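Structural overview for review
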Amino acid sequence: MHLGVNIDHVATLRQARYATMLHLPNAEPSVLDAARAAMLGGADSITLHVREDRRHMQDDDARAVRREIALPLNLEMGATPAMLDFALSLKPDFVCLVPERRQEITTEGGLDVAARMDELKPLVAALMGNGSRVSMFIDPDVAQVEASAAIGAPMVELHTGRFANTQGEERAAETARLVAAATRAHEFGVEVHAGHGIQIANLQDLNNVPFLTELNIGHTIIARAVFIGLSAAVREMKDAVSALQW
Ligand code: PXP
């Protein structure tokens, strides 16, 4: 199981103090150092989201990680012409297309691929043609999986936010949706990833979902890093993930 570590929150913390002073050598914490620490802890890839409003990661952060860090880079981005241009110049190993505005979001919060197939298909083709493998961040919804496969996306990242934030019967129902979506993706030969709200406490339940090959995890790792350091927090998660048979 691959572990992608999302380090957006490191940039969020830096922006809280230095948003208007990024040129200063003392602007901290360093996104590059965070990527290095994640690598030391056993991250298989680095995930960062360059948002349209640049609220955390900046273009230069993405370029620096691409240049300096010897791990695959997974760029999360909105499906817009401006972000496409940026991704074409950055050439990340992976691009995960995510919703940024209300009208792009499905009921649960994934990208509404089914409603935007005509628009998304050429974008996926352009990114793939430029050497970036593309995933669609979608709800665990069979229709969204089918739409993603139909537009040529080789990977989907299933939104686990609802799974993570429910308990009991609701968690079981959401797990069943994840199982159905992952199974359908596998039938289409689409690689299955998962992300959002994953924590050590819910890994055991997530382990019921078949065909998962990658987890993208951010918040809980950074939260834990406040107390034990980033490399140790990544190692702790990596060990917890590796302890399960996927
Ligand atoms: N995957 C995607 C597409 C995301 O947008 C996020 C949240 O930024 C994550 C994974 C990581 O979620 P979390 O920070 O809750 O672990």
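So, a few notes on the structure that sits alongside this text. Not measured: the values here are computed from a predicted model.

1. Remarks on the sheet that holds strand β4 (residues 94-97)
Reading around the circumference, β1-β2-β3-β4-β5-β6-β7-β8 is the order of the eight strands in this closed barrel, with parallel pairing throughout. If you compare each strand with its neighbour and ignore which way they point, the axes differ by 25 degrees on average. Bridging between strand β2 (residues 45-49) and strand β3 (residues 73-77) involves four bridges; their strand directions are parallel. The residue bridging Thr47 from the neighbouring strand is Asn74, located in β3. Its contacts with the sheet place helix α8 (residues 168-187) against β6 (155-159) and β7 (191-195), and it is angled at close to 175 degrees to β6.

2. A word on the packing of helix α2 (residues 31-40) against helix α11 (residues 230-242)
Here α2 crosses α11 at 40 degrees, and the two axes come no closer than 7 Å. When the axis of α2 is compared with that of α11, the two are oblique. Considering only the axes of α2 and α11, their crossing is right-handed. On α11, the residues that touch Ala34, Ala37, Ala38 and Leu40 of α2 are Leu230, Ser231, Val234 and Arg235. Among the residues making up the contact of α2 with α11, the classes are represented as six nonpolar, one polar and one charged.

3. Some points on the pairing of strand β8 (residues 212-217)
With five of six residues buried, β8 is to be regarded as a mostly interior element. Pairing between strand β1 (residues 2-6) and β8: four bridges, direction parallel. Within β8, the residue paired with Leu3 across the bridge is Leu215. Sheet topology note: the β7/β8 ladder contains four bridges and is parallel. Opposite Gly195, over in β8, you have Asn216 as the bridge partner. This β-α-β element, β7 to helix α9 (residues 200-206) to β8, shows right-handed connectivity.

4. A word on the site of the ligand
Close contacts around the ligand come from Asn6, Glu76, Val98, Phe137, Glu157, Gly195, His196, Gly197, Asn216, Ile217, Gly218 and His219, and that covers them all. Glu157 places a side-chain nitrogen or oxygen 2.4 Å from a nitrogen atom of the ligand. Contact distances for the ligand include 2.8 Å between an oxygen atom and a backbone N or O atom of Gly197. Taken by itself the ligand offers 390 Å² of open surface, and the protein chains cover 87% of this.

5. Notes on the packing of aromatic side chains
One pair of aromatic rings is described through two measures. These are the centre distance and the angle between the planes. Applying the stated criterion across every chain, the model contains zero aromatic pairs. For the cation-ring pair, Arg171 lies above Phe163, with the distance from its terminal atom to the ring centre recorded as 4.6 Å.

6. Brief notes about the environment of His2
Mapped onto the elements of the fold, His2 is located in strand β1. His2 gets classed as partly exposed once you look at its relative accessible area, which sits at 44%. Along the chain, His2 and Asp44 lie 42 residues apart, while their C-alpha atoms are 5.8 Å from each other. Sequence-distant contacts of His2, that is, excluding residues within four places in its chain, are made with Asp44, Thr213, Glu214 and Leu215.

7. Some thoughts on unusual backbone geometry
Pro29 follows Glu28 through a cis peptide bond whose omega is 0 degrees. For Arg54, which is not a glycine, the phi torsion comes out positive at approximately 50 degrees. Within the element layout of this structure, Arg54 appears in the loop between β2 and α3 (59-68). Phi is positive for His196, which is not a glycine, with a value near 105 degrees. Tracing the backbone shows His196 in the loop between β7 and α9.

8. Some remarks on the side chain of Asp61
Within the secondary structure, Asp61 is located in helix α3. Not counting residues up to four positions away in its chain, the partners in contact with Asp61 are Arg14, Val31 and His56.

9. Here's the deal with the layout of surface pockets
Size it by volume and the largest pocket reaches roughly 710 Å³. The set of elements that each furnish at least two residues to the lining of the largest pocket consists of α1 (8-18), β2, β6, β8 and α10 (219-228). Tallied by class, residues from the lining of the largest pocket come to seven nonpolar, 16 polar and six charged. Counted as a void, the second largest pocket has a volume near 320 Å³. Together, 14 residues line the second largest pocket, and Arg14, Leu22, Val31, Asp60 and Asp61 are the ones closest to its centre. Elements with a minimum of two residues in the lining of the second largest pocket: α2 and α3. Within the lining of the second largest pocket, the residues separate by chemical class into nine nonpolar, two polar and three charged.

What counts, and where the lines are drawn
- Residues numbered from 1 in each chain as written.
- Predicted model: local features only at pLDDT ≥ 70, side-chain atom pairs only at ≥ 80, totals over all residues.
- Heavy atoms only, no water.
- Pairing = 2+ DSSP bridges.
- Helix = DSSP H or I, 4+ residues; strand = E, 2+ residues; numbered from the N terminus.
- Axes fitted to C-alpha atoms, helices over the stretch in contact; angles between N-to-C directions.
- Contact = heavy atoms within 4.5 Å.
- Parallel < 35°, antiparallel > 145°, perpendicular 65-115°, else oblique.
- Left-handed = near helix turned anticlockwise from the far one by under 90°.
- Nonpolar A, V, L, I, M, F, W, Y, C, P; charged D, E, K, R; others polar.
- Buried < 20%, exposed > 50% of the residue type's maximum accessible area, 1.4 Å probe, protein only.
- Right-handed = clockwise from strand over helix to strand, strands pointing away.
- Near = heavy atom within 4 Å.
- Polar contact = N/O pair within 3.5 Å; in protein donor to acceptor, adjacent residues only side chain to side chain.
- Areas by Shrake-Rupley, 256 points an atom, 1.4 Å probe, with all protein chains shown as cover.
- Phe/Tyr/Trp six-rings, centres within 6.5 Å; stacked < 30°, edge-to-face > 60°.
- Lys NZ or Arg CZ within 6 Å of the ring centre and 35° of its normal.
- 1 Å grid on protein atoms, 1.4 Å probe; cavity = no way out; pocket = protein on both sides within 12 Å on 5 of 7 lines; lining within 4 Å.
- Points joined across faces, edges and corners; volume = space filled by probe spheres on them.

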